Structures are given as structure tokens and as C-alpha cells.
Amino acid sequence: METASKRSPETAALIVGAGAGQRFGHAKAFVSWRGEPLLYWAARPFARSEDVGAIVLVVRDEDRKAGEAVLARLGKPGGVVAGGATRSASVRAGLAALPASVERVLVHDAARPNVSEEMVARLLAEEGDCVLPALAVHDALHRQRGTQNEPVDRDGIVRVQTPQMLRREVLQRLHRGDPDAADDGGLALAAGFNVRYVAGEEGNIKVTMPQDLAWLDRITGDLRVGHGFDVHRLEEGRRLVVCGVDLPSRRGAVGHSDADAGAHALMDAILGAAGLQDIGYHFPPGDPRYAGADSISLLRQVAEMARGAGFAVTHADLTILLEEPKVGPHRQEMQARLAGALGLDARAVSVKATTAEGLGPIGVGEGIAAWAVATLRTVPGA
Ligand code: MG
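Definitions and limits used
Residues numbered from 1 in each chain as written. Predicted model: local features only at pLDDT ≥ 70, side-chain atom pairs only at ≥ 80, totals over all residues. Heavy atoms only, no water. Helix = DSSP H or I, 4+ residues; strand = E, 2+ residues; numbered from the N terminus. Buried < 20%, exposed > 50% of the residue type's maximum accessible area, 1.4 Å probe, protein only. Contact = heavy atoms within 4.5 Å. Areas by Shrake-Rupley, 256 points an atom, 1.4 Å probe, with all protein chains shown as cover. Lys, Arg positive; Asp, Glu negative; His and termini not counted. Charge placed at Lys NZ, Arg CZ, Asp CG, Glu CD. Axes fitted to C-alpha atoms, helices over the stretch in contact; angles between N-to-C directions. Parallel < 35°, antiparallel > 145°, perpendicular 65-115°, else oblique. Left-handed = near helix turned anticlockwise from the far one by under 90°. Phe/Tyr/Trp six-rings, centres within 6.5 Å; stacked < 30°, edge-to-face > 60°. Expected span 1.5 Å × (residues − 1). Arc of directions from axis to C-beta. Donors = N, O, S within 2.8 Å, 3.2 Å for Na, K, Ca; no water. Core = buried A, V, L, I, M, F, W, Y, C linked by side-chain atoms within 4.5 Å. Pairing = 2+ DSSP bridges.

### Thoughts on the overall build of the chain
Scanning the chain from N- to C-terminus turns up 13 helices and 19 strands. Across its three principal axes, the chain shows a C-alpha extent of roughly 80 × 55 × 35 Å. Expressed as a percentage of the 382 residues in the chain, the buried residues total 51%. For the chain, restricting intrachain contacts to residue pairs at least 6 apart in sequence, the fraction spanning at least 24 positions comes to 73%. Summing over all exposed atoms, the chain offers an accessible surface of approximately 18,300 Å²; the carbon and sulfur share of this is 49%. Across the chain, the mean location of the 43 positive side-chain charges is 3 Å away from that of the 48 negative side-chain charges.

Have a look at this one:
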């Protein structure tokens, strides 16, 4: 196998994500899923493939910086270029950025984040000007024709996905001018090139509508739920930091770090779900590195640890028990701070609060407690 891969022509991936994503309200390539943009997940199997030497990301001009950050995390040589007004213009821009030595190009849509490394290998194992992943059609097909629709014989009809492998010179020739091309394979067929098919993947869905992300969640990865709890004493003359927000308060929380009970409970919930011990194990209270530490940055590290173990945080729910001040006016800011550290949309983080109704030590203002539940999913390919 090793000698075969050394002899094989040089291959690059071209990930096209320059669409405006009108149905999402913003560029689909940068819609966050499992803590990373769709573009990252779409490109990752190519980054992991030993047969792919370079990755070129085609994004909107205003997304170039974000695209470069994605490429850096993928850890593969390549480039980030601005796409054009049409899909064909974007493909041409990507082609122009490929190293001269590249002979085969895998064109993939950034809106397909659940493609596998096996799919990439299947495409590269087949010879041809153009190799396409295809799937059978099992549903009945009808064509709408005014008032009288008609049945369509589905015999021989296949659904074609990306990634699509094309020889570089073929792809270049197909995109001369500005063909209206949703599909490079279709252009190759129309131009009479040798087109081959390999098995596609049902899970390799194209994220088109916001609800497709929920579908993607259902078909990918195991679900884990973790629980965390934390309590801190309150004393006069200290800061009261809760979920990354400084609350106006006469009394503040006592602790080695910034003593953010909300962030700490959430960190333990994440560590618990990922099977990674607890906060005291990773950030020992006596360690001078964590004196006065910003717990939001520790939370970010915990999310990274979970990622390293193959899990992405997808949701968090917290309850804060505090007599005063009121948490409600700061809730949105807290949710945004936590969500920012986890790479989540703020709607995926919930912060609730209650008082102890004057009962017990927390009821008389001597402490703060927090509970958190974190939902984690295994990341694709983990
Ligand atoms: Mg704590």
C-alpha cells in the first residue's frame, strides 16, 4: 500500500465554501457545529488522508481570516482564497491557488461536514478523468408538470455527492468561461469525459437548512451527559465573578483562582462527561500558575481537553444559587461568555439562578453554589 501511495499522482483538496448561505442568514461554511465551523469538519478527512498533499479553502473575501485559522487547525499545507460571484468562479480561484505539481483535485462542498476518510480513499482508488460518489434512489420520483404531474422511472437514476475527484486539467477545462455548474461531475459528463462512480455515503448529507444540523446530530456520534457542582465562600473585599461576569457585590468569592463557581461547575460537568477526572486534578488549588486565574480561559482549556478525547460540547445548562446580587440582569452576558469559551452559539448555553430564600449559609449570603449539566457528542471520525 505504501509504495502504491508514493507512486500515485499528487492530490489536493479544494473545499468550496464561498456561498452566502441565504437560508442560514450567514455564510454556511462558518456555521458552528460541535465547536468548529462546518468548513473545518468538511476539510478534516482530507487533512487526515496521507494521499492528500494540500488543502485549498475557498471562502468569501470577508471570511479569509477565519479561513486561515481553520487551515492552521487542520495542520496541512495549502491556502485560503476568496471565491467569486458564482460557484464556477470560486472553483477557478481555488484552482489558481493549487501547487503546480498537483494532478488530481478533490472538490468538496463545505456544507458536507460528515464525509469520511474512507470516502476519500474510495475516490482515490478509482482511475478516471472524474470519479463521483453516488447513491441509489429508493423513493418514488414524480416530475411536476403544470396541472398533471408524471411519474419518473428511477431505474438507473443515482444521487451524486461531493467530494468529486477530477484530473486537474479536466477541471480547468470544464471551468473555462463561467458554466452554470452546481456539480463538476455533471459538467464532465456533458463534455464527454470518462466519468466513474464509487459508493457514496448516506451520512454525507449537505447542510442546507438550519434543521439539517439537528439531523446531523442525530446521525453522528454518541451522546454523553456530565454533571458538575461547585461552592465558594463569600467574603467582603473580594471580586464576585460568576460565569465570567464581574457582579457588583459587597462580598466576593474566596478561592485560589477567580473563584468563579459557575465556570467551575461547568468545567467539572464537561470533564465528567468526557471521562477526564475533575477540575482539581487538572488545575490543582495549590499550583501558583492558577492563582487568580481567569476561569473562562480554564473553561476553554477544558473544552480543548474534551476535544482531544474525542468529544465536543454541544449544550450546557447551569443553575446558580446566590442570595444577592440578582443574576438575571447579567444572564445574557454570562451565557455569551460561556458560549464563547466553548465555541457555541449563545442559545446553546443556559444560565438560571435562584436564591436560597434566606435558608442556610447561602441564604444568609455566606456562599455561592452552582450546578451544571453539559451535553457532549463524539466528534466525527473520533
Ligand atoms: Mg471552584
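On we go.
### A few points about the packing of helix H11 (residues 295–308) against helix H12 (residues 331–342)
Where H11 contacts H12, the axes come no closer than 8 Å and their chain directions differ by 40°. With respect to each other, H11 and H12 are oriented oblique. Relative to H12, the crossing made by H11 is right-handed. Along its contact with H11, which presents Ile296, Leu299, Arg300 and Ala303, the element H12 presents Arg337, Leu338, Ala341 and Leu342.

### Re the packing of aromatic side chains
What the rule picks out here adds up to four aromatic pairs. When the ring of Trp33 is compared with that of Trp41, the centres are 6.1 Å apart and the planes differ by 80°; the resulting orientation is edge-to-face. The class for Trp33 is buried, based on a relative accessible area of 4%. Taken together, the ring pairs in this structure connect Trp33, Tyr40 and Trp41 into an aromatic cluster.

### Quick look at H12
With 12 residues, H12 ought to run about 16 Å at 1.5 Å a step, and its terminal C-alpha atoms sit 17 Å apart, in line with that. By the burial criterion, the buried members of H12 are Met334, Gln335, Leu338, Ala339, Ala341 and Leu342. The buried residues of H12 occupy an angular sector of 160° when projected down its axis, which confines them to one face. Against the buried residues of H12 lie strand S14 (240–242), strand S15 (245–247), helix H9 (261–274), H11, strand S17 (311–321) and strand S18 (349–354). Two residues or fewer after H12 comes Gly343, characterised by a positive phi angle close to 70°.

### Brief notes about the coordination of the magnesium ion
Around the magnesium ion, the protein contributes the donor atoms Asp230 (OD), His232 (NE2) and His264 (ND1), at 2.1 to 2.2 Å from the metal centre. All donors to the magnesium ion come from one chain, and their sequence spacing reads D-x1-H-x31-H. Note that Asp230 is positioned in strand S13 (residues 223–236) and His264 in helix H9, a separation of 34 residues in sequence. Assessed through its relative accessible area of 15%, Asp230 is described here as buried.

### What about the nonpolar core?
In this structure, Leu266, Ile270, Leu299, Ile320, Leu338, Leu342 and Leu376 are the most contacted members of the largest nonpolar core, which totals 49 residues. Counting residues per element, the ones that place at least two in this core are S14, S15, H9, H11, S17, H12, S18 and strand S19 (367–378). It is H9 that provides the largest number of residues to this core, a total of nine residues. Leu299 has contacts with Leu266, Met267, Ile270, Leu338, Ala341 and Leu342, leaving out every residue within four places of it along the chain.

### Focus: helix H2 (residues 38–48)
Counting buried residues in H2 gives 10 out of 11 residues, a clear majority hidden from the surface. Within H2 the residues assigned to the buried category are Leu38, Leu39, Tyr40, Trp41, Ala42, Ala43, Arg44, Pro45, Phe46 and Ala47.

### Some remarks on unusual backbone geometry
Each neighbour pair has its own omega, and for Thr162 with Pro163 the value is 10°, a cis peptide bond. The topology assignment puts Pro163 in the loop between strand S10 (158–160) and strand S11 (164–167). Look at the link from Glu324 to Pro325: it is a cis peptide, with omega at 0°. Its place among the elements puts Pro325 in the loop between S17 and H12.

### A short note on the pairing of strand S6 (residues 104–109)
The two faces of the sheet receive side chains in turn, since in a regular strand these alternate between them. Extensive coverage of S6 is indicated by the burial of six of its six residues. Burial along S6 is two-sided: the face carrying Arg104, Leu106 and His108 and the face carrying Val105, Val107 and Asp109 are both buried. For strand S1 (residues 11–17) and S6, the ladder comprises six bridges, and the chain directions are parallel. Its bridge partner lying in S6, Val16 is registered against Asp109. In this sheet, S11 lies alongside S6 in antiparallel orientation, the contact comprising four bridges.

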